[in-house]
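Given next are the chains, with one letter for each unit.
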Amino acid sequence: MSDMDDMDDGSGIIKKFMFLNRKAPHGTVYALEGLEVVLITAAFDQDVSLVFTDDGVFQLMKGIDSKGIEVKDFSKTYRALEGYDIEKLYVDQASMDARGLTEDDLIVDVTVLSVDEMANLMAEQDVVISF
Amino acid sequence: MPMVNIAGKEVEVDEEGYLVDLSQWNEDIAKYMAVEEKVDLTESHWEVVNFLREYYAEYQIAPAVRVLTKAIGKKLGPEKGNNKYLYELFPYGPAKQACKIAGLPKPTGCI
């Protein structure tokens, strides 16, 4: 249970956290574990950004069907992030291009960033955690 | 994992009593879980339980209590989207107890 919202422990420090998702959704546990960490972090009222780059862009693809490999399709869960007040989602333009993907292929609204823009965004962060 | 017999059907639950295979869920299971949680199911309880099942179907997770409260407020009105109302229905935590009754896993971020 978390009722962090109602508690005031006097800390109130807000840091900029970036979660960097680099791996395909299935085959390893990184994507799902990363998503769970993000959902838990949301309880602490921090400034959270999610970045999808390399094969990580596949995590956001529409129409994933994981029945054949008998694992849960958690791609719909990215759409719940808004309700957790996590609204800063970024994808890497070059990773999208290399995989023939456009924003229309993704299940959530994202901001597409160039390599330079991404580098600037990363430089602004207090904490970068890579999955 | 432990098996329990609910209305003549064997179902598997985890060590905290949550249903393992949520596709097995039915009203008998909800009623059984409610008795376990010492909750008297009323229309108002069902409203929350059904809301949670819809939320899970859409997002594939059980929401954290803060998110549940906000989402209920949006769908069912502010008089229901608050901690007081939800804790009166589910005294040991709306996310924990209502999810169990709804056959969902324990909410992520429920530490």
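Residues numbered from 1 in each chain as written. Chains lettered and ligands numbered in written order. Predicted model: local features only at pLDDT ≥ 70, side-chain atom pairs only at ≥ 80, totals over all residues.

Concerning the overall build of chain A
At step 1: On a plain count of helices and strands, chain A comes out with three helices and five strands.
At step 2: Written out in order from the N terminus, the α and β elements of chain A read β-α-β-β-α-β-α-β.
At step 3: Here the C-alpha atoms of chain A give a radius of gyration of 15 Å, agreeing with the 14 Å that 2.2 N^0.38 yields for 131 residues.
At step 4: If you line up chain A on its principal axes, its C-alpha atoms span 45 × 35 × 25 Å.
At step 5: Within chain A, the fraction of its 131 residues that count as buried is 29%.
At step 6: Restricting to contacts in chain A with at least 6 residues of sequence separation, those with at least 24 account for 73%. (Helix = DSSP H or I, 4+ residues; strand = E, 2+ residues; numbered from the N terminus. Rg over C-alpha atoms; globule rule 2.2 N^0.38 Å. Buried ≥ 20, exposed ≤ 12 C-beta atoms within 10 Å, placed from the backbone. Contact = placed C-beta atoms within 7 Å.)

Re the packing of helix 2 (residues 43–59) of chain B against helix 3 (residues 65–76) of chain B
Residues and elements named next belong to chain B.
At step 1: Two elements in contact, helix 2 and helix 3, have axes separated by 11 Å at closest approach and are oriented at 105 degrees. The orientation of helix 2 with respect to helix 3, classified from their angle, is roughly perpendicular. Contacts from Glu47, Val48, Phe51 and Tyr55 in helix 2 reach Ala71, Ile72, Lys75 and Leu76 in helix 3.
At step 2: Grouping the constituent residues of the contact of helix 2 with helix 3 by class yields six nonpolar, no polar and two charged. (Axes fitted to C-alpha atoms, helices over the stretch in contact; angles between N-to-C directions. Parallel < 35°, antiparallel > 145°, perpendicular 65-115°, else oblique. Nonpolar A, V, L, I, M, F, W, Y, C, P; charged D, E, K, R; others polar.)

Re the interface of chain B and chain A
Reports of interface size often rely on the accessible area that becomes lost once the parts have come together.
At step 1: Taken together, the contacts link 18 residues of chain B with 17 residues of chain A.
At step 2: Taken together, the elements giving at least two residues each to the side of chain B that touches chain A come down to helix 2, helix 3 and helix 5 (94–101) of chain B.
At step 3: Along the lines of polarity and charge, the residues of the side of chain B that touches chain A split into 10 nonpolar, four polar and four charged.

Here's the deal with the sheet that holds strand 5 (residues 127–130) of chain A
Residues and elements named next belong to chain A.
At step 1: Taken together, the five strands give an open sheet; going across it, the order is 4-3-2-1-5, and neighbouring strands pair in parallel fashion. The sheet is open, and its two borders are formed by strand 4 (111–113) and strand 5, each paired with just one other strand. Each neighbouring strand pair of the sheet contributes to a mean axis angle of 25 degrees, computed without reference to strand direction.
At step 2: Of the strands in this sheet, strand 1 (16–21) and strand 2 (47–52) touch helix 1 (residues 30–41), which is tilted by about 165 degrees from strand 1. (Pairing = 2+ DSSP bridges.)

Some points on the packing of helix 2 of chain B against helix 5 of chain B
All names here are of chain B.
At step 1: It is at 9 Å that the axes of helix 2 and helix 5 come closest, and there the two elements cross at 80 degrees. By the angle between their axes, helix 2 is roughly perpendicular relative to helix 5. Contacts between helix 2 and helix 5 involve Val48, Val49 and Leu52 on the former and, on the latter, Pro94, Ala98, Cys99 and Ile101.
At step 2: Residues of the contact of helix 2 with helix 5, tallied by class, amount to seven nonpolar, no polar and no charged.

So, the environment of Arg22(A)
Residue and element names in this part refer to chain A.
At step 1: Within the secondary structure layout, Arg22 lies in the loop between strand 1 and helix 1.
At step 2: Judged by C-beta crowding, with 19 C-beta atoms within 10 Å, Arg22 ranks as partly exposed.
At step 3: Distance in space between the C-alpha atoms of Arg22 and Glu117 is 17 Å, their sequence separation being 95 residues.
At step 4: Excluding anything up to four places from it in sequence, Arg22 contacts Thr53, Asp54, Asp55, Gly56, Ser130 and Phe131.

Observations regarding the confidence of the model for chain B
At step 1: For chain B, the average pLDDT comes to 89, and 96% of its residues sit at 70 or higher.
At step 2: Looking over chain B, one finds the lowest element-wise mean pLDDT in strand 1 (residues 3–6) of chain B, namely 86, and the highest in helix 2 of chain B, namely 94. (pLDDT = per-residue confidence, 0-100.)

A look at helix 3 of chain B
Residues and elements named next belong to chain B.
At step 1: Taking 1.5 Å as the rise per residue, helix 3 with 12 residues should run 16 Å; its terminal C-alpha atoms sit 16 Å apart, in good agreement.
At step 2: Restricting attention to buried positions, one finds in helix 3 the residues Val65, Arg66, Val67, Leu68, Thr69 and Ile72.
At step 3: Of the surrounding secondary structure, the elements contacted by the buried residues of helix 3 are helix 2, helix 4 (83–89) and helix 5.
At step 4: Trailing helix 3 by a residue or two, Gly77 shows a phi angle of about 105 degrees, which is positive. (Expected span 1.5 Å × (residues − 1).)

Here we look at the nonpolar core
At step 1: Among the nonpolar cores identified, the biggest contains 55 residues, and Val38(A), Leu50(A), Leu52(B), Ala98(B), Ile101(B) and Ala102(B) are the most heavily contacted of them.
At step 2: For this core, the secondary-structure elements that each account for two or more residues are strand 1, helix 1, strand 2 and strand 3 (88–92) of chain A together with helix 1 (27–36), helix 2, helix 3 and helix 5 of chain B.
At step 3: With residues up to four places along the chain from it excluded, the contact list for Val38(A) reads Phe19(A), Val48(A), Leu50(A) and Ile86(A). (Core = buried A, V, L, I, M, F, W, Y, C linked by C-beta atoms within 7 Å.)

With respect to the environment of Asn21(A)
Residues and elements named next belong to chain A.
At step 1: Within the secondary structure, Asn21 is located in strand 1.
At step 2: In this structure Asn21 comes out as buried when scored by C-beta crowding, with 27 C-beta atoms within 10 Å.
At step 3: Sequence-wise, Asn21 and Phe131 are 110 residues apart; in three dimensions their C-alpha atoms are separated by 5.1 Å.
At step 4: With residues near it in sequence (within four places) discarded, Asn21 still touches Ala31, Gly34, Leu50, Val51, Phe52, Gly56, Gln59 and Phe131.

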